[in-house]
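# Fold and contact review
One letter stands for each residue in the lines below.
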Amino acid sequence: MAISEINVRNQFRGKIKEIIFGPVVSEVDVETQHGIVTSVITSRSIHDLDLKVGSEVIALVKSTEVSIAKISSN
């Protein structure tokens, strides 16, 4: 299966570096050329998509809010 078009602009291609399994949800760390992107998805989805460490994936980031935090220069 291939994605031909999608309306999510923030896409990061990478490989799964680590999966931390949980009973209901799991964390998936994707190593991209811009750094690590972490996704929390259902454990069932990991099984259904047959995701494993080393799998090539695209992390799609869609958000309705972006927060800004000031960094103090001490």
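Residues numbered from 1 in each chain as written. Predicted model: local features only at pLDDT ≥ 70, side-chain atom pairs only at ≥ 80, totals over all residues. Heavy atoms only, no water.

By the naming in an unreviewed UniProt entry, the protein chain goes by Transporter and is assigned to Rugamonas aquatica.

### A short note on the overall build of the protein chain
For the protein chain, the helix and strand inventory stands at 1 helix and 4 strands. Along the protein chain, helices and strands appear, N-terminal first, in the series β-β-β-α-β. Looking at the protein chain as a whole, 22% of its 74 residues qualify as buried. Across the protein chain, contacts joining residues at least 24 apart in sequence account for 42% of those joining residues at least 6 apart. Accessible surface computed for the protein chain: about 6500 Å², of which carbon and sulfur atoms make up 51%. (Helix = DSSP H or I, 4+ residues; strand = E, 2+ residues; numbered from the N terminus. Buried < 20%, exposed > 50% of the residue type's maximum accessible area, 1.4 Å probe, protein only. Contact = heavy atoms within 4.5 Å. Areas by Shrake-Rupley, 256 points an atom, 1.4 Å probe, with all protein chains shown as cover.)

### Quick look at the pattern of salt bridges
Per the counting criterion, the structure on display carries 1 salt bridge. For the salt bridge of Lys-52 with Asp-50, the shortest nitrogen-to-oxygen distance reads 2.4 Å. (Salt bridge = Lys/Arg side-chain N within 4 Å of Asp/Glu carboxyl O.)

### Brief notes about the environment of Val-37
With respect to the secondary-structure elements, Val-37 resides in strand β3 (residues 35–42). In this structure the C-alpha to C-alpha distance between Val-37 and Leu-60, which are 23 residues apart in sequence, comes to 9.7 Å.

### A closer look at the sheet that holds strand β4 (residues 56–61)
Taking strand neighbours across the sheet as the criterion, the 4 strands line up as β3-β2-β1-β4 in an open arrangement whose pairing is antiparallel. The sheet is open, and its two edges are formed by β3 and β4, each paired on a single side. Mean inter-strand twist for the sheet, computed between neighbouring axes without regard to direction, equals 50°. Examined bridge by bridge, strand β2 (residues 25–32) and β3 share 8 bridges and lie antiparallel to one another. Looking at β3, one finds that Val-25 is bridged to Thr-42. (Pairing = 2+ DSSP bridges. Axes fitted to C-alpha atoms, helices over the stretch in contact; angles between N-to-C directions.)

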